[in-house]
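Architecture and fold: a report
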Amino acid sequence: LAADALNHKMDAAATACVVVGTVAIWVGGQAWAPADGVAAIVIGLLMIWVSARSIWEASSALLDEMPPSEVVERIRLLAADFPKVNGVEKVVGRKTGLFYLIDLHLEVPGNMSVNEAHLLGHDVKDGLMTELPEIGDIIVHIEPAEKSKKPA
């Protein structure tokens, strides 16, 4: 859909260049004949720009593009706000289709039971996925915090 929209924009821009060049020659006469060449150059530059943009977007998708820094920071802040989460060690993600797949490393008190940490991980995952619809899935890793900032 986005590619079709970009194609229609390119068609409209190219048509506008042709119309402007044609009208310039029609109104200005032979003195404005170079307008045709200028219009052709502008259309060529537009084609190069659209091609480069399409290649960049396709390459980013194929290379597992990281989520934007705003999304990563929002994940970090939201996860750190959960009770019993001491901090967020690492957030790593990649784009797959329309969604991001996230690996989230949470720091929890070292004396927290495995069961408690597991349930906390699910709570954080569910909360983040509700808050951020652009996330398709989150894998939560539990890391023991060096020094417990929050009690278990």
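These numbers were taken from a predicted model, which means no experiment stands behind them.

What follows covers the overall build of the protein chain. Scanning the protein chain from terminus to terminus reveals four helices and three strands. Tracing the protein chain from N to C terminus, the helices and strands come up as α-α-α-β-β-α-β. A compact globule built from 152 residues would reach a C-alpha radius of gyration of about 15 Å, whereas the protein chain, at 26 Å, exceeds it by more than 25%. Dimensions of the protein chain, computed from the C-alpha atoms along their principal axes, are close to 85 × 25 × 25 Å. When the 152 residues of the protein chain are sorted by exposure, 26% land in the buried category. Taking the intrachain contacts of the protein chain between residues at least 6 apart in sequence as the baseline, contacts between residues at least 24 apart amount to 66%. On the protein chain, roughly 10100 Å² of surface is accessible, and the fraction owed to carbon and sulfur atoms is 64%.

Before going further, it helps to spend a moment on the sheet that holds strand β2 (residues 99-108). The strand order across the open sheet built from three strands is β1-β2-β3, with neighbouring strands paired in mixed fashion. In this open sheet, the two edge strands, each paired with only one partner strand, are β1 (87-96) and β3 (135-144). This sheet shows a mean twist of 15° between the axes of neighbouring strands, independent of strand direction. Two elements, β2 and β3, share nine bridges in a ladder whose sense is parallel. When the bridges of β3 are listed, Glu 107 appears paired with Glu 143.

Further remarks concern the confidence of the model for the protein chain. Looking at the protein chain as a whole, its pLDDT mean stands at 87, while 93% of the residues score no less than 70. Across the protein chain, helix α4 (residues 114-131) holds the top mean pLDDT of 96, while helix α1 (residues 2-28) sits lowest at 82.

On inspection of all chains with the given rule, the structure shows three salt bridges. For Asp 137, the salt bridge is made with Lys 125, and the minimal N-O distance between the two is 3.0 Å. Here the residue Asp 137 occupies a position in strand β3, and Lys 125 occupies one in helix α4, the gap between them amounting to twelve residues.

Turning our attention to α4. One full turn of an α-helix is made of 3.6 residues, so residues set three or four places apart face in the same direction. An ideal rise of 1.5 Å per residue puts 26 Å on 18 residues; α4 measures up with 26 Å between its terminal C-alpha atoms. Along its buried surface, α4 packs onto α3 (69-80), β2 and β3.

Before going further, it helps to examine the pairing of β1. Taken together, the nine bridges between β1 and β2 define a ladder with antiparallel strand orientation. When the sheet's bridge partners are listed, Gly 87 is paired in β2 with Glu 107. Taking the residues that link successive antiparallel strands as the turn, the β1-β2 hairpin has two residues, and the phi of Gly 97 there is positive, at about 65°.

Cut-offs applied
- Residues numbered from 1 in each chain as written.
- Predicted model: local features only at pLDDT ≥ 70, side-chain atom pairs only at ≥ 80, totals over all residues.
- Heavy atoms only, no water.
- Helix = DSSP H or I, 4+ residues; strand = E, 2+ residues; numbered from the N terminus.
- Rg over C-alpha atoms; globule rule 2.2 N^0.38 Å.
- Buried < 20%, exposed > 50% of the residue type's maximum accessible area, 1.4 Å probe, protein only.
- Contact = heavy atoms within 4.5 Å.
- Areas by Shrake-Rupley, 256 points an atom, 1.4 Å probe, with all protein chains shown as cover.
- Pairing = 2+ DSSP bridges.
- Axes fitted to C-alpha atoms, helices over the stretch in contact; angles between N-to-C directions.
- pLDDT = per-residue confidence, 0-100.
- Salt bridge = Lys/Arg side-chain N within 4 Å of Asp/Glu carboxyl O.
- Expected span 1.5 Å × (residues − 1).

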